[in-house]
Every structure is written in C-alpha cells, then in structure tokens.
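Residues per chain are reported as follows:
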Amino acid sequence: MSTTILGIDIGSTKICAIIAQKNDDGDIKILGAGISKSQGLKKGIITNIDLASKSIRSALNDAKRVAGTQYEKVIVSISGAYTKSVDSSGIVNIPNRDIGIKEINRAMQMADHNANIPNEYEKLHVLPYNFKVDDQEFIEDPLGMNGARLEVQVHIITVQKSSLSNLKKAVKSAGVEIDNIVLGCYASAISVLNHDERELGVAVIDMGGATCDIMIHAGNSMRFNDYLGVGSLNITNDLSTALHTPLSAAEEIKINYGSLKGNSNELIELPVIGDDGSTHEVSLNIVSNVIYVRVEETLMILAKALEDSGFKEQIGAGVVLTGGMTKLEGIRELASAIFDNMPIRIAKPKDVDGLFETLRDPSYATAIGLILYGGGYFTPYEIDSNKKLRYKNETIEPNRHHHQETLFDDDLPEENETPTALPVENAKEKLKDLANIQEEHSEGFGSKLWNRLTQLF
C-alpha cells in the first residue's frame, strides 16, 4: 500500500513543502512542491508565529495544487539553533541469548533513560553509533546475533521545549498535524551522502540563508552537530553596507555576480541607498572582495568547530558542503584551503523520481531529506521525536513497562483516595510480571522470586 508524505523545510529565507508518494517497493516519487518566502523567522528561530504560519500555508497550498492529492505523513525540519546534544549508553542482559528487535529496543530505551537531559529540553533523536555484544565492539547490526549482554552507545539530540512548542503551533495554525520532527542538518545528510562517505566518516555542512549547520557522521550514525548563526544573508548585508545600495539590489548582485574570484574590473551600475533615482558604478572586483571576506570568516569558524569537535581524524571522506551559499563560484577551492586540504565536495540532493528541475539545487537538500526520512531512509536504528524505535520501515512503540519504577503506575491511588486491595489472582499476575522483569536483569532470580511470593497466596 502506497503512502503519501509531506515534508516541510522551515528555513530562514524560504519555506519549502514537498509532497511525495512511496510505493510498496519502497520507491519514492515527488508529486508536487511549493516554495514561499520565510516570514516570522530569524536565524532559524521563530519570532512571529502568525507570520511563520502564513508562509507555511502558502508553500503548502502551492504543493497541494501541483500534487492534486492529500498527504498521510507530515515531516517537519527544525533548526540546529534550538538544539543541544549529549552522549549516553545502555546495557541489558539477554537471558535467551538471542538478540531480536525487542532486545535492541530495550538497550536503546535504557540509554535514553540514562541520559542527563535538562528539564527545559526534550529529546528529538536518539541515534546509536556503536553496538557491543558481550566483549565484541563496533557491531554494525546486532539483530539476530547470539550473546548474553548487549550494550549500545547513542548520540542524543535535544531541543528546547518552548521552541519546539512554537514550531508546532506555527505548523498547526497552517492546518497541518505533525507526524515527526527532524533536525535540518540530519535531513540534509540523508539527501546528500553516499555509502562510501558514511563508511569513511564525513562532515556535512549545510550553508543556508541565515545559518550554517554542521554534523559529523562517523561509525554508524551522527556523532556531532553544531550551529552557526551566519549565512548568505550576511553577504547581502555586507554588500549593501559596503556598496551603499539597497538590500534588494545587493541580493541581486550576489545572485548574478556572486564569486570569490576577484579577477574582473567590469563596472556595474547600482542604485544608491536612500536616494531615489541616483546610481553609481562599482567594480566587480570590489564585489568579489566583499563576498570573499565574509565567506572566508564563515569557513574559518566552521573549520574551528570541526577541529574542536574531536572527530576531525575520523572523517576520511572529508567535508561535504550543501545549501544555497555553496552556489558561490570558487567556494570549493577556498574551503579546501581553509580545511587543511581535506577532500571537499559540493553536494546536490539525491536524484528522486519526479524531482523538479528547481529542486535539483543544494538549497533544497533538507527538503528532499525530509521526504527520504519519511520514506525510511535513515540510520538503521533510531528513537525518533515520537519516542518510537524506527528500524527500516518498521516502528516500535515505547515499552511502558521497561523500567520497574513505572510498573504499577496504573494501580496507584489518586490523591485522597483510599487504596483498595487487589484480588488475589490480579496480585499474582502483577507479581509474576515483576518476576519476569527482574529475570531480564538476573537470570534465575525471577524464578526464585516467583516461588517465594506464591507461597504468600
């Protein structure tokens, strides 16, 4: 049965909504897309819910008109500006020594439970980067293996609760109910990375309108992510200030003449800011110099973030650049020099059936990644924003009885309510459940406990 997916990339300069269909064979086909100018956002952060909602609705209506169909799953991006990350680990015993999806789920839920997360933050992604079966490390996929103990190490991305709530309100006001929320640079990585880059380790930098997001993929998953509140809009502002021209004219100069190679003395005529009708001439060499200074500074900050991450030695495939800012001529050569001659690739999103020519552009990497994520293209295991374990095309609901302390929550009396005794048979069932839980942690202990407790009845 086919599934229709709606992906909404909420960027600082544009909102992009894409509707795609996934068929029974897992193939994805794009049916429609809509793009609108972002309003109510600044550097990836929602500053006006009403304006942001109108921009989302505009892009969504255009996508629906082109697609001519309704959607079933809605995947929305969130900026790295909202997020913080931590690492955690979890260990579980495997009494029957057979590692199935439930055992993997238990281990990941344990790592999730062990994480130290501030109260004002909520978990967005729990991504395993290393599985260990008994004493054997770096297991790519433990499913079906034999072992007495399973350990997992995870990278957890968290998001501010208040910012998450604002995003949900803006999207809901546009008439959309969210199914899943995905970190923007994670979605971009899904759409631009190839198998070899994932295997060797790689840094992905999404250079957008007002933000640059960096993530490092090493091992089996994301290991590091960071955010920089600088993007191509800063170039526009610099040009406007340096050339004394309106922002709209500066944006056109950037798009039409944007280059880091200052080798032209050609003169262009520009309007003068604040003086209607007046113009002046500017050399393209000056334009290139202004752009060069801003881009160089941005890349140097990103290179420092990569250095400070501690994972620079683990990215054998180098750096993949994507996003609208990468369309500047000469940015690859400059990046190579700043990143110590590491391999640099400028990446467009993967080719998807039905992909419009407009979308074959680095600035749409996140939007295409959201569609691919909704279609099942993601890290082999992940606990998503709905607290569900995703594995290939399957999702597993969180296990409410995973932790012993929550086992009897349904039976706790309400405040001012007199506790009532459980019937004997019900009590036996609860105690047997308890014994089964304990057995998972200590083989043989559960049967002893059960035998002792049944003597009471």
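Residues numbered from 1 in each chain as written. Predicted model: local features only at pLDDT ≥ 70, side-chain atom pairs only at ≥ 80, totals over all residues. Heavy atoms only, no water.

What follows is about unusual backbone geometry. Here the phi dihedral of K43 falls at roughly 50 degrees; this positive angle occurs in a residue that is not glycine. Structurally, the position occupied by K43 is in the loop between β4 (41-42) and β5 (45-46). A relative accessible area of 38% means that K43 is categorised as partly exposed. Of note in this structure, H244 is not a glycine but carries a positive phi near 55 degrees. You can see H244 is positioned in the loop between α6 (232-243) and α7 (247-257). Residue classification places H244 among the partly exposed positions, given a relative accessible area of 49%. (Helix = DSSP H or I, 4+ residues; strand = E, 2+ residues; numbered from the N terminus. Buried < 20%, exposed > 50% of the residue type's maximum accessible area, 1.4 Å probe, protein only.)

Taken in spatial order, the 5 strands make up an open sheet running β14-β13-β12-β17-β18, and their pairing is mixed. Edge positions in the sheet fall to β14 (221-228) and β18 (344-346), since each has one partner strand and no second. Strand-to-strand twist across the sheet, computed as the mean angle between neighbouring axes with direction ignored, equals 20 degrees. Summarising the sheet, strand β12 (residues 202-207) and strand β17 (residues 319-322) pair through 4 bridges and their orientation is parallel. Directly across from D206, in β17, lies its bridge partner T322. (Pairing = 2+ DSSP bridges. Axes fitted to C-alpha atoms, helices over the stretch in contact; angles between N-to-C directions.)

Formed by 66 residues in total, the largest nonpolar core has its most connected members in L6, I8, I10, I18, Y186 and L359. Top contributing element to this core by residue count: helix α10 (residues 365-374), with 7 residues. Taken domain by domain, the makeup of this core includes at least three residues from each of domain 1 (83-159) and domain 2 (194-346). Not counting residues up to four positions away in its chain, the partners in contact with I10 are I15, L41, I56, V76, S77, L167 and V171. With 40 residues, the next largest nonpolar core counts I235, A303, L328 and I331 among its residues. (Core = buried A, V, L, I, M, F, W, Y, C linked by side-chain atoms within 4.5 Å. Domains from an automatic or database assignment. Contact = heavy atoms within 4.5 Å.)

All right, on to the packing of helix α4 (residues 184-192) against α10 then. Orientation of α4 relative to α10, taken along the N-to-C sense of each, is 80 degrees, at an axis distance of 7 Å. For the element pair α4 / α10, the angle class is roughly perpendicular. Contact residues: α4 offers G184, Y186, A187, S188, I190, S191 and V192, while α10 offers A365, T366, I368, G369, L370, L372 and Y373. Looking at the contact of α4 with α10 residue by residue, the classes come out as 9 nonpolar, 5 polar and no charged. (Parallel < 35°, antiparallel > 145°, perpendicular 65-115°, else oblique. Nonpolar A, V, L, I, M, F, W, Y, C, P; charged D, E, K, R; others polar.)

Pairing in this open sheet of 5 strands is mixed, and the strands run β3-β2-β1-β6-β11 from one edge to the other. Strands at the two margins of the open sheet, each flanked by one partner only, are β3 (28-37) and β11 (180-183). Averaged over all adjacent pairs, the angle separating strand axes in this sheet is 20 degrees, with direction ignored. Judged from the 9 bridges that link them, strand β2 (residues 14-22) and β3 form a sheet pairing that is antiparallel. When the bridges of β3 are listed, I15 appears paired with S36. Packing of helix α3 (residues 161-173) onto the sheet brings it into contact with β1 (3-10), β6 (73-78) and β11, and relative to β6 it is tilted by some 135 degrees. Sheet strands touched by α4: β6 and β11. Its angle to β11, the strand with the most contacts, is close to 80 degrees.

Moving on to the confidence of the model for the protein chain. Averaged over every residue, the pLDDT of the protein chain is 86; residues scoring 70 or more account for 86%. When mean pLDDT is compared element by element in the protein chain, β17 scores highest at 98, while helix α11 (residues 424-441) scores lowest at 44. Here residues 400-450 scores under 50 on pLDDT; set against residues more than four positions off or in separate chains, the count is 44 contacts. Residue range residues 452-457 is modelled with pLDDT below 50. Its contacts to residues more than four positions away, or to other chains, number 5 contacts. (pLDDT = per-residue confidence, 0-100.)

Applying the stated criterion across every chain yields a total of 3 aromatic pairs. For the ring pair F131 and Y381, a centre distance of 5.6 Å and an interplane angle of 75 degrees mean the geometry is edge-to-face. On the criterion of sequence distance, the pair formed by F131 in strand β8 (residues 121-133) and Y381 in strand β19 (residues 381-383) is long-range, its members being 250 residues apart. For the pair formed by F131 and Y381, the shared burial category is buried. Through pairs of rings, three or more aromatic residues link up here, namely F131, Y381 and Y391. Here R223 stacks its cationic end above the ring of Y129, 3.6 Å away from the centre of that ring. (Phe/Tyr/Trp six-rings, centres within 6.5 Å; stacked < 30°, edge-to-face > 60°. Lys NZ or Arg CZ within 6 Å of the ring centre and 35° of its normal.)

This part takes up α3. Over its 13 residues, α3 extends 18 Å from the first C-alpha to the last, a length consistent with the 18 Å expected when each residue adds 1.5 Å. Every buried residue belonging to α3 is among S163, L164, L167, A170 and V171, and all of these are buried. Across the axial projection of α3, the buried residues extend over an arc of 125 degrees, all falling on one side. Residue G175 follows α3 closely and has a positive phi angle near 90 degrees. (Expected span 1.5 Å × (residues − 1). Arc of directions from axis to C-beta.)

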